[in-house]
Amino acid sequence: AGQCLTKRQRSSETGGLTPVEITQYEKINKKENPHQEEEQLLHQLRVSSAAPGPAPDAQVSPQKHLRSVGQLQVLKGVALQEAELSSFIQFQDVDFPLDENLVKSKKKKRKKEKGEHKIFGTPDVDTPVSDTCCSGCGAILHCTATDVPGYLPSEKYKVLQQDGKLGGATCQRCHLINHHHKALNLQLSHDQYRDVVQQIRTKKALVLLIVDLLDLPDSIVPDLPGLVGTNKHIVVLGNKIDLLPKDSPNYLQRIKRQLSRYCQDAGFGSQVTDVHLISAKTGYGIEALISSLQRSWKYKGDVYLVGSANAGKSTLFNSLLESDYCKSRAADVLRKATISPWPGTTLNLLKFPIINPTPYRMFRRQERLKEAEQETEAELQPDELKRLQHLSRQGYLVGRVGRTFQPNRTKTNEVQFDPDNLAFGENEDGDSSTPGELFNEVKDAHWLFDTPGVMKERDILHLLQDHEVRLVVPSQAIVPRTFVLKPDMSLFVGALARIDFLQGGKSCWFSVVVSNHVPVHITSLDKASSIYEKHAGHKLLGVPIGGSERMEQFPAMVPQDFTLEGRGYQEAAADITLSSAGWVALTAVEGDQVQVRVHGPAAAGISLRTPPLLPHVVSLKGERFRKSAAFKPLKLLHPNL
């Protein structure tokens, strides 16, 4: 990633690298510790799926040893089978337009189902699997089977391969996620995801465990020490703190303590060295995290991002890529990870080189952070101000993530230089023109890896279609909605869950902390079943959506009974967690015995959480609507105001 790369014309298809530079970059990443079993498996797969004739000359880079064995096993099993036409998906691609004759001929053979995508492209089981990875998710690129990670239509795959542009390509799944908000269902098991994470056991590394605060404690990987090794230091990152409202003055400290307690209950013990609350999306807490890592871990070894699917690892990876944690010139040649609300987006190991935090770099970084703290809105650049204002409308907590050393950064009345240039050298004219500069940028570097998300066994997102996931996963700050219920009343959270208030001495408050796009409906207990049968799949309940046909595919509701004791009007007794969708906090009169029955799919992971994460969330309500069980939601301010 030489300094010249920022000045050179780059092709969007190659991600900014020439074929020579790509080859050089692969050489840099070679390891002296080959994994014989995985290499043999990949070699056998390529030979078995290749067309008759001599074997290809290209050698498999040892860099690909980190690729998922599970993906290779699936490809090997599917490569010799003829894929069914109904599994293909068309997406808009201006460089590879749709063959109308192909579509018309296939339409005659079968009836297109409602909501199904048109056909585009065909697989080719005789084309060898490449040794190139998708720049968005890390999966090995191929054109063998549509339901295996890394798939590209053979028409596009062959053209890119022939032109030498396969190195910068993204697979069909990443293309659909980025440009059409569509996600493909992929055949990777729970164990296959974990196989990749277990590679950390033999390495000297720091583990960054990222946890979804909307899904505590279920998003904490329960057997993490068994996956990464009991000798690893673990830094716990509570992500999506920007989405949670401020229910009391010390709510951040309380959430941090509760997160630490959950990690201890999971058996992490003394391996946890630090806990941070961050927002990978808005940048809150990222600079403090970087400073902490540079002080504690410094430059001892590689760093791995680990966590459950949809916890936000890829978003954090992209934030750190543009920060002081990544070498200044490396970010120009590394494509960002594909991020989306769908679980399991990152399928293999994406990485970037970590900068060595020398005393000089640390000093300059602290100077920059102090200057940033003193800046007012009037002094900000228009683009930066617009970004902060946009994020402030989406989250309660917002931070700024910057870079101290940037190529070609100049200021008047001050001599600027990049310490990397002092260490590696550059031409007198300040420009580099040889691929060897790329080697200097990552020579002897340690790396930060973005690992695939460990899939949870029970998660409500697994039951939803792509457009439903976008409604359920919060993308903006959550505004709590509070309702007062008497016994023999029911509360619907969309059609995802139903809570029946069976028994209690007095009325209770139910505060719903879920995405603002998910409807909440109140009714009497005797009408609840008929309302679900009539309106599930329709506008009233909202999610899932698609009418009776959609609900036939959705799992049946299974009841669970919970009993809890009230703690007063100002403090919730417990949270009814709805997996990755959020939770409902229940507040009751002190000492009152409350019995509720929660209906939801068995695979959704609905449970009771005590103590509640936001115990004072009931205070975040306005006046009660006249002749209604609902309270007006408050317009919440930034917690620091």
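In this report, the structure presented in the accompanying data block is examined. (Residues numbered from 1 in each chain as written. Predicted model: local features only at pLDDT ≥ 70, side-chain atom pairs only at ≥ 80, totals over all residues. Heavy atoms only, no water.)

Tracing the sequence through the fold places Asp450 in strand 6 (residues 447–450). As a buried residue without a salt bridge, Asp450 has its nearest oppositely charged side chain in Lys313, at a separation of 5.2 Å. (Helix = DSSP H or I, 4+ residues; strand = E, 2+ residues; numbered from the N terminus. Buried < 20%, exposed > 50% of the residue type's maximum accessible area, 1.4 Å probe, protein only. Lys, Arg positive; Asp, Glu negative; His and termini not counted. Salt bridge = Lys/Arg side-chain N within 4 Å of Asp/Glu carboxyl O.)

Let us look at the packing of aromatic side chains. Applying the stated criterion across every chain, the model contains 6 aromatic pairs. If you follow Lys351 out to its NZ or CZ, it ends over the ring of Trp447, 4.3 Å from the centre. (Phe/Tyr/Trp six-rings, centres within 6.5 Å; stacked < 30°, edge-to-face > 60°. Lys NZ or Arg CZ within 6 Å of the ring centre and 35° of its normal.)

Among the nonpolar cores identified, the biggest contains 47 residues, and Leu491, Phe510 and Leu578 are the most heavily contacted of them. Examining the composition of this core, we find that 4 residues originate from one element, strand 10 (residues 508–514), more than from any other. Apart from residues lying up to four places away in sequence, Leu578 is in contact with Ile460, Val493, Ala497, Val514, Trp583, Val584 and Ile606. Val207, Leu209, Val211 and Leu224 belong to the second largest nonpolar core, which has 45 residues in total. (Core = buried A, V, L, I, M, F, W, Y, C linked by side-chain atoms within 4.5 Å. Contact = heavy atoms within 4.5 Å.)

Oppositely charged side chains are able to pair whenever their charged atoms sit close together. What the rule picks out here adds up to 17 salt bridges. Linking Arg550 and Glu468 is a salt bridge whose minimum nitrogen-to-oxygen distance equals 2.9 Å. One end of the pair, Arg550, is in helix 18 (residues 547–553); the other, Glu468, is in helix 16 (residues 466–472), and 82 residues separate them in sequence. Of the residues examined, Arg550 reaches a relative accessible area of 6% and is grouped as buried. Through salt bridges that share partners, Glu287, Asp324, Arg365 and Arg368 make up one connected network.

Right, let's talk about the sheet that holds strand 15 (residues 593–601) for a bit. In spatial order, the strands read 11-8-9-15-12; together these 5 strands make up an open sheet with antiparallel pairing. Of all strands in the sheet, those bounded by a partner on one side alone are strand 11 (520–524) and strand 12 (557–565). Along the sheet, successive strands turn relative to each other by an average axial angle of 20°, direction set aside. Across 5 bridges, strand 9 (residues 497–503) lies against strand 15 in antiparallel orientation. Among the inter-strand pairings, Asp500 is bridged to a residue of strand 15, identified as Arg597. (Pairing = 2+ DSSP bridges. Axes fitted to C-alpha atoms, helices over the stretch in contact; angles between N-to-C directions.)

Burial runs high along strand 14 (residues 582–587): 6 of the 6 residues are buried. Because side chains alternate across strand 14, one face comprises the buried residues Gly582, Val584 and Leu586, and the other comprises Trp583, Ala585 and Thr587, equally buried. Taken together, the 6 bridges between strand 10 and strand 14 define a ladder with antiparallel strand orientation. The residue bridging Val513 from the neighbouring strand is Trp583, located in strand 14.

Burial analysis of helix 11 (residues 313–321) places 8 of its 9 residues in the buried class, which makes it a mostly covered element. Those residues of helix 11 that sit buried are Lys313, Ser314, Leu316, Phe317, Asn318, Ser319, Leu320 and Leu321. Elements that come into contact with the buried residues of helix 11 comprise strand 1 (205–212), strand 2 (233–239), helix 10 (286–296), strand 4 (302–307), strand 5 (350–353) and strand 6.

Once that is clear, we can look at the pairing of strand 4. Across the 6 residues of strand 4, 6 count as buried, placing the element largely inside the fold. In strand 4, alternate side chains face the same way, and those of Asp302, Tyr304 and Val306 on one face and Val303, Leu305 and Gly307 on the other are all buried. Summarising the sheet, strand 1 and strand 4 pair through 6 bridges and their orientation is parallel. The residue of strand 4 that forms the bridge with Leu208 is Leu305.

Relative to the helices and strands, Lys534 is located in helix 17 (residues 525–535). Spatially, the C-alpha atoms of Lys534 and Ser548 are 8.8 Å apart, while their sequence positions differ by 14 residues.

The strand order across the open sheet formed by 5 strands is 7-10-14-13-16, and the pairing between neighbours is antiparallel. Looking along the sheet, the strands with just one partner apiece sit at the ends: strand 7 (481–485) and strand 16 (606–609). The mean angle between the axes of side-by-side strands here comes to 20°, regardless of whether they run parallel or antiparallel. Where strand 13 (residues 574–578) lies against strand 16, 4 bridges are found, and the strand directions are antiparallel.

The next point concerns unusual backbone geometry. For the bond running from Val543 to Pro544, omega is -5°, close enough to zero to count as cis. Examined against the element boundaries, Pro544 turns out to sit in the loop between helix 17 and helix 18. For the peptide bond that leads from Thr610 to Pro611, omega is -5°, which places it in the cis range. Mapped onto the elements of the fold, Pro611 is located in the loop between strand 16 and strand 17 (621–624).

Helix-helix packing: each pair is described by the crossing angle between the helix axes and the interaxial distance. Relative orientation of the contacting elements helix 10 and helix 12 (residues 359–374) amounts to 160°, with a least axis distance of 12 Å. The orientation of helix 10 relative to helix 12 falls into the category roughly antiparallel. Crossing handedness for the pair helix 10 and helix 12: left-handed. Contact with helix 10, carried on its side by Glu287, Ile290, Ser291, Gln294 and Arg295, involves Met362, Arg365, Gln366, Arg368 and Leu369 of helix 12 and no other residues of that element. (Parallel < 35°, antiparallel > 145°, perpendicular 65-115°, else oblique. Left-handed = near helix turned anticlockwise from the far one by under 90°.)

Note that all results are geometric; they support no functional claim without further evidence.
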